[in-house]
Amino acid sequence: MQEIVIGNSRFSVAELIGKGGEGEVYAIKGRSGQAVKIYNAGLRSKREDKVRAMVGEGLAIKTDLVAYPGEIVTDNQGNFLGFVMRLVSGYRPLHELYSPKSRQRYFPKADYRFIVHTALNVARAVGKVHQTGCVIGDLNHSGVLVAQDATVALIDADSFQFRLNGKSYPCVVGVPDFTPPELHGKNLASVERTIEHDNFGLAVAIFHLLFMGRHPYAGRYSGPDISMGDAIAQNRFAFSLTRQSATRTTPPPAH
Ligand SMILES: Nc1ncnc2c1ncn2[C@@H]1O[C@H](COP(=O)(O)OP(=O)(O)O)[C@@H](O)[C@H]1O
Ligand SMILES: [Mg+2]
């Protein structure tokens, strides 16, 4: 069992909760309700400054809707490993609610009222991030978690764009389906993300919720096959009767 140090105290990690592209998330023995994210070895030095800045700002105590880094975690020699955050348990990723098939399985009692309630809570959580001075940047269907009472929690907060004392710590990634037209083709590692960019991703998430997992840019384009990212980049929004001549895209079948 791996030993970790939080403040001046030693802890052991408990079960593995999740694994992403950047590291692993574990429960912590003796700290119920909290989790530790341990970065892959190659990423630690790149992330250390940003995580220390986020912890120093006290973001984690500003809201419990977001699993912000709350404390620094090191090994026994004091080398940076990652951070402690709120353990979000009993929640499911947003896509398991908006796609009807998995909704039946994971949210069997969810009706349309529940969906609208969730959409409002997603918007609230995103607004909260902006109030704390961050931009999500990589807003997507896996970073938004939903509970059986329609409350919402955001994870992967260490990827958020964050500014402190004139220094900007960027969000270096993004999912094409949630990325606004003006960012397609840009280098996400260096471009400054804005609240408006997040609002596009939020609108995509809400559309998915309200229209049974349908993407707002779904449609039949009369030209060659294009990806969803291309459809966004080219502004081919099909659910508008007035613009069909310009977009050359009609809504998908059964709409
Ligand atoms: N605070 C948390 N509470 C519960 N599970 C979490 C938490 N943070 C992350 N996870 C789980 O770990 C996985 C990877 O975390 P994430 O931060 O998205 O990783 P990465 O940034 O490496 O892609 C998530 O998909 C989720 O299942
Ligand atoms: Mg991440």
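Chains are numbered independently. Their residues run from 1 in the order of the written sequence. Written order determines the labels here, with chains lettered from A and ligands numbered from 1. Residue-level local features of this predicted model are given only where pLDDT is at least 70; pairs of side-chain atoms are given and counted only at 80 or more, and the full residue set underlies all totals for whole chains, interfaces and linings. No hydrogens and no water enter the side-chain calculation; it runs on all heavy atoms of the structure.

(A) Representation of the overall build of the chain in the model. Scanning the chain from terminus to terminus reveals eight helices and 14 strands. Principal-axis analysis of the C-alpha atoms places the extent of the chain at approximately 65 × 45 × 30 Å. Burial classes: relative accessible area under 20% of the type maximum marks a residue as buried, over 50% as exposed, and values in between as partly exposed (1.4 Å probe, protein chains only). Split into buried and exposed, the 255 residues of the chain put 47% on the buried side. Within the chain, contacts between residues separated by at least 24 positions form 56% of all contacts whose residues are at least 6 apart in sequence. The Shrake-Rupley method, run with a 1.4 Å probe, gives the accessible areas here. Residue values count only the displayed protein chains as cover. Accessible surface for the chain amounts to roughly 12800 Å². Of this, 52% is attributable to carbon and sulfur atoms. Separation of charge centres in the chain, based on 29 positive and 23 negative side chains, amounts to 4 Å. Only runs of H or I of at least four residues qualify as helices and only runs of E of at least two qualify as strands under DSSP, and these elements are numbered from the N terminus. In this analysis, two residues are considered to be in contact whenever any of their non-hydrogen atoms come within 4.5 Å of each other. Residues counted as positive are Lys and Arg, residues counted as negative are Asp and Glu, and His and the chain ends are not counted. A single reference atom marks each charge: NZ on Lys, CZ on Arg, CG on Asp, CD on Glu.

(B) Seen up close, the site of ligand 1. Only heavy atoms are used to decide nearness, and a residue is near a molecule or strand if one of them lies within 4 Å of it. Taken together, the neighbourhood of ligand 1 is formed by 16 residues, with Glu22, Lys37, Arg86, Val88 and Asp156 sitting nearest. Lysine 37 places a polar side-chain atom, nitrogen or oxygen, 2.8 Å from an oxygen atom of ligand 1. Here a polar contact means two N or O atoms within 3.5 Å. Within protein one must be a hydrogen donor candidate and the other an acceptor candidate, and residues neighboring in sequence count only if both atoms are side-chain atoms. Between valine 88 and ligand 1, the recorded distance is 2.8 Å, taken from a backbone N or O atom to a nitrogen atom. When ligand 1 is considered free in solution it has 550 Å² of accessible area, and contact with the protein chains removes 81% of it. For the shell around ligand 1, the secondary-structure elements that each account for two or more residues are strand E2 (9-19), strand E3 (23-28) and strand E6 (80-86). With three residues, E2 is the largest single contributor of residues to the shell around ligand 1. Classifying every residue of the shell around ligand 1 gives seven nonpolar, four polar and five charged. The residue classification treats Ala, Val, Leu, Ile, Met, Phe, Trp, Tyr, Cys and Pro as nonpolar and Asp, Glu, Lys and Arg as charged. All others, Gly included, are polar.

(C) Geometry of the coordination of the magnesium ion (ligand 2). Donors, by definition, are the N, O and S atoms found within 2.8 Å of a metal, the threshold being 3.2 Å for Na, K and Ca, and water is not counted, so a site can look incomplete. On the protein side, the magnesium ion (ligand 2) has Glu22 (OE), Asp156 (OD) and Ser159 (OG) as donor atoms, found 2.1 to 2.4 Å from it. Taken in sequence order, the residues that donate to the magnesium ion (ligand 2) follow the motif E-x133-D-x2-S. In this pair, glutamate 22 is assigned in the loop between E2 and E3 and aspartate 156 in the loop between strand E10 (152-154) and strand E11 (161-164), connecting sequence segments 134 residues apart. Glutamate 22 gets classed as buried once you look at its relative accessible area, which sits at 19%. Accessibility expressed as a relative area gives 29% for aspartate 156, which makes it partly exposed.

(D) Focus on empty space enclosed by the protein. Points on a 1 Å grid, built from protein atoms alone, make a cavity when a 1.4 Å probe fits but cannot get out and make a pocket when they are open with protein on both sides within 12 Å along at least 5 of 7 lines; residues with an atom within 4 Å of a point are the lining residues. Grid points are joined across faces, edges and corners, and a volume is the space filled by probe spheres set on the points. What the rule picks out here adds up to one cavity of 30 Å³ or more. Quantified by volume, the largest cavity comes out at close to 70 Å³. What lines the largest cavity is Gly137, Asp138, Leu139, Gly174, Val175, Phe178, Thr179, Pro180, Leu183, Arg193, His197 and Gly201. In terms of residue class, the lining of the largest cavity is built from five nonpolar, five polar and two charged.

(E) Local environment of the packing of helix H5 (residues 112-131) against helix H6 (residues 195-210). Remark: H5 packs on H6, axes separated minimally by 10 Å, with the N-to-C direction vectors making an angle of 170°. Comparing their axes, H6 and H5 come out roughly antiparallel. Contact residues: H5 offers Tyr112, Ile115, Val116, Thr118, Ala119, Val122, Ala123, Val126 and His130, while H6 offers Ile195, Asp198, Asn199, Leu202, Ile206, Leu209 and Leu210. A breakdown of the residues in the contact of H5 with H6 according to their chemical character gives 12 nonpolar, three polar and one charged. Only C-alpha atoms enter the line fits that serve as axes; for helices the fit covers just the stretch in contact. Angles between N-to-C directions range over 0 to 180 degrees. Orientation labels follow simple angle bins: below 35 degrees gives roughly parallel, above 145 gives roughly antiparallel, 65 to 115 gives roughly perpendicular, and whatever is left gives oblique.

(F) Expanded view of H6. Compared with the 22 Å implied by 1.5 Å per residue over 16 residues, the 22 Å span of H6 between its first and last C-alpha is a close match. For H6, the set of buried residues is His197, Asp198, Phe200, Gly201, Leu202, Val204, Ala205, Phe207, His208 and Leu209. Tucked inside the fold, the buried residues of H6 contact helix H3 (95-98), helix H4 (100-106), H5, strand E8 (134-135) and helix H7 (228-233). Looking at the residues trailing H6, positive phi occurs at methionine 212, about 55°. The span you would expect from a helix comes to 1.5 Å times its residue count less one.

(G) Here's a closer look at the pattern of salt bridges. By convention in these notes, a salt bridge is any Lys or Arg side-chain nitrogen within 4 Å of a carboxyl oxygen on Asp or Glu. Summed over all chains, the structure comprises 12 salt bridges. Notably, a salt bridge pairs arginine 10 with glutamate 3, separated by 3.6 Å at the nearest N-O pair. A relative accessible area of 56% places arginine 10 in the exposed class. Residue classification places glutamate 3 among the partly exposed positions, given a relative accessible area of 34%. Salt-bridge contacts for arginine 92 lead to glutamate 96; the nearest nitrogen and oxygen are separated by 2.6 Å.

(H) Broad picture of a nonpolar patch on the surface. A surface patch of nonpolar side chains, about 280 Å² in accessible area, is lined by Tyr112, Val116 and Leu120. Assignment of secondary structure puts tyrosine 112 in helix H5. Its relative accessible area of 48% is what places tyrosine 112 among the partly exposed residues. Candidates for patches are residues over 30% relative accessible area with no salt bridge; among them, like charges are joined within 9 Å and nonpolar side chains (Val, Leu, Ile, Met, Phe, Trp, Tyr) within 5 Å.

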